[in-house]
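One-letter residues, chain by chain:
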Amino acid sequence: MSEYALEVKNLSMHYDTLDGNVDAVKNISFNVKSGESFGLVGESGCGKTSVAMTLLQLQPENSVITDGSIKVDGKELIGLSENELRKIRWDSISIVFQGAMNAWNPVIKIGEQIREAMREHNPESSKKDNIDKINELFRMVGLDESISERFPHELSGGMKQRAVIALALSCDPKIIIADEPTTALDVVIQDQILNELKKVQELLGLSLIYISHDIAVIAEMTDKIAVMYAGSIVEIGPTKSVFESPKHSYTRALLDSTPSIHGEKKKLSSLDGEPPSLINEINGCSFSPRCPSPTSGCRDQTVEMGLVQVGEDHFADKCCSECV
Ligand SMILES: Nc1ncnc2c1ncn2[C@@H]1O[C@H](COP(=O)(O)OP(=O)(O)OP(=O)(O)O)[C@@H](O)[C@H]1O
Ligand SMILES: [Mg+2]
């Protein structure tokens, strides 16, 4: 058995568009241990959802995986048939995405929809066992058992999203991907749901891949983080180490623009400019046009990029790690 629940190696994916290829995932590698919580953070459009969908191979038709390997429990996913993938998608790895709470079928009761998914993936289990399981999952995510008998329109947004988490857990996955699972909800409910998600993850010993543009939330939720910029991972390491000594200028800019609840008061600064277009090939450091302290080396289009070790299990793009 592999030490890792998930191993992603040199993964690259682009979207084929009329304007050219959009390089949304560029040579990405990371591993997630069993029971570990891994965060993926970065600005809008940096490729977070593209990574999530590629892991499950649920990406749209115009996307092409050009390179790399995705292993779940040591088993390679790339190249599997749709049938084999369907099994892995719920039984091994499942996803809660942002709009999921609006994806419930409006005319079928919530409990029946979850049982339907359970039946499809495990036809042998009895109706009673499935109902017991749903009740247990509902308790874990803070829902009353009676919710099973309700239609989606009878539930609040927060309740629907909690039920989505129960659905994602219903086939006993080992890995759960949560892609901005609470952004459509108000802040108090967001906080409650995140606490429950974390509790369930720890209780069940799941690996969690938590995706957000909000680095403060990632700090609370994860053991390890990867910071994405323009389709690449620019820094990766233990969450504590990345927060305490960020090595990439982009990570620092994200941290400087986020208020800290626990730490000392600091002046917030905003990050100017926009990420580069993913259609044009980027040579050298993709962050250099926005970097607050670029050196002539950073702007050098011929400079070779790639992660280098900057601490224990902590890696950052070569360019920034040399400046800091
Ligand atoms: N089907 C598609 N066809 C072409 N380009 C796409 C497609 N889906 C996404 N993209 C582009 O790929 C890039 C990465 O998008 P992605 O949705 O993965 O980013 P993200 O980090 O999840 O952003 P957000 O924080 O807004 O959810 C963006 O430039 C986006 O416009
Ligand atoms: Mg996204």
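Shown above is the structure to which this text applies.
(A) Broad picture of the site of ligand 1. Near ligand 1, the surroundings consist of 16 residues, among which Tyr15, Ser44, Lys48, Thr49 and Ser50 are the closest. Put simply, the parts of the chain that give the shell around ligand 1 at least two residues each are β1 (4-17), β2 (20-33) and α1 (48-56). Top contributing element to the shell around ligand 1 by residue count: α1, with three residues. Class assignment of the residues belonging to the shell around ligand 1 gives a composition of six nonpolar, nine polar and one charged.

(B) Fine view of the environment of alanine 163. Position of alanine 163 relative to the elements: it lies in helix α5 (residues 157-169). Considered as a pair, alanine 163 and methionine 101 are 62 residues apart in the sequence and their alpha carbons are 8.0 Å apart. If sequence neighbours within four positions are ignored, alanine 163 has contacts with Ile110, Leu143, Ile147 and Leu155.

(C) A look at the sheet that holds strand β4 (residues 63-72). As summarised here, the arrangement of the four strands in space is β2-β1-β4-β5, forming an open sheet in which the pairing is antiparallel. Bordering the open sheet on either side are β2 and β5 (75-76), each of which pairs with just one other strand. In this sheet, β5 lies alongside β4 in antiparallel orientation, the contact comprising two bridges. Opposite valine 72, over in β5, you have lysine 75 as the bridge partner. Together, β1, β2 and β4 form the strand contacts of α1, whose direction differs from that of β2 by roughly 70°.

(D) Seen up close, the pairing of strand β11 (residues 307-311). As defined by bridge partners, β11 adjoins strand β12 (residues 314-317) across four bridges and the pair is classed as antiparallel. Its bridge partner lying in β12, glycine 311 is registered against histidine 314. Here β11 folds back onto β12 in antiparallel fashion, the turn holding two residues, of which aspartate 313 has a positive phi close to 60°.

(E) Up close: the packing of α5 against helix α6 (residues 187-204). Contact pair α5 / α6: the axes reach a minimum separation of 10 Å and the direction vectors enclose 15°. Our classification of the angle between α5 and α6 gives roughly parallel. Of the two possible hands of crossing, α5 and α6 adopt the one that is right-handed. Seen from α5, the contacting residues are Gly158, Gln161, Arg162, Ile165 and Leu169; seen from α6, they are Ile189, Ile193, Leu197 and Val200.

(F) Spotlight on the environment of glycine 231. Residue placement: glycine 231 occurs in the loop between β9 (224-229) and β10 (232-238). As for glycine 231 and glycine 47, which are separated by 184 residues in sequence, their C-alpha atoms are 5.1 Å apart. In this structure glycine 231 touches Asp23, Ala24, Val25, Lys26, Cys46, Gly47 and Leu278, once residues within four positions along its chain are discounted.

(G) Looking closely at the nonpolar core. Core analysis: the largest hydrophobic core is formed by 84 residues, its most contacted members being Ala166, Ile175, Ile177, Ile209 and Val227. The biggest single contributor to this core is α5, with eight residues. When residues no more than four places from it in sequence are discounted, the contact partners of alanine 166 are Ile114, Ile134, Leu137, Phe138, Val141 and Leu143.

(H) The arrangement of the pairing of strand β3 (residues 37-41) in detail. For β3, a buried count of five out of five residues is recorded, marking the element as mostly surrounded by other parts of the structure. Here β3 runs beside strand β8 (residues 207-212); their pairing, made up of five bridges, is parallel. Counted as the bridge partner of serine 37 is leucine 208 from β8. Here four bridges tie β3 to β9, and the two strands are oriented parallel to one another. Bridged to phenylalanine 38 within β9 is lysine 224.

(I) Local environment of α6. An ideal rise of 1.5 Å per residue puts 26 Å on 18 residues; α6 measures up with 26 Å between its terminal C-alpha atoms. Among the residues of α6, Ile193, Leu197, Val200 and Gln201 are the ones counted as buried. Buried residues of α6 fall within an arc of 100° about the axis and therefore sit on the same side. Exposed side chains of α6 directed beyond 90 degrees from the buried face belong to Val187, Val188, Glu202 and Leu203. Summarising the contacts, the buried residues of α6 are in contact with β3, α4 (127-140), α5, β7 (175-179) and β8. Two residues or fewer after α6 comes glycine 205, characterised by a positive phi angle close to 65°.

(J) Examining unusual backbone geometry more closely. In this model, alanine 230 sits at a positive phi of 50°, which is unusual for a non-glycine residue. Inspection of the secondary structure puts alanine 230 in the loop between β9 and β10. In this structure, aspartate 313 takes a positive phi of about 60° despite not being glycine. Within the element layout of this structure, aspartate 313 appears in the loop between β11 and β12. Accessibility expressed as a C-beta count within 10 Å gives 10 for aspartate 313, which makes it exposed.

What counts, and where the lines are drawn
Residues numbered from 1 in each chain as written. Chains lettered and ligands numbered in written order. Predicted model: local features only at pLDDT ≥ 70, side-chain atom pairs only at ≥ 80, totals over all residues. Near = placed C-beta within 6 Å. Helix = DSSP H or I, 4+ residues; strand = E, 2+ residues; numbered from the N terminus. Nonpolar A, V, L, I, M, F, W, Y, C, P; charged D, E, K, R; others polar. Contact = placed C-beta atoms within 7 Å. Pairing = 2+ DSSP bridges. Axes fitted to C-alpha atoms, helices over the stretch in contact; angles between N-to-C directions. Parallel < 35°, antiparallel > 145°, perpendicular 65-115°, else oblique. Left-handed = near helix turned anticlockwise from the far one by under 90°. Core = buried A, V, L, I, M, F, W, Y, C linked by C-beta atoms within 7 Å. Buried ≥ 20, exposed ≤ 12 C-beta atoms within 10 Å, placed from the backbone. Expected span 1.5 Å × (residues − 1). Arc of directions from axis to C-beta.

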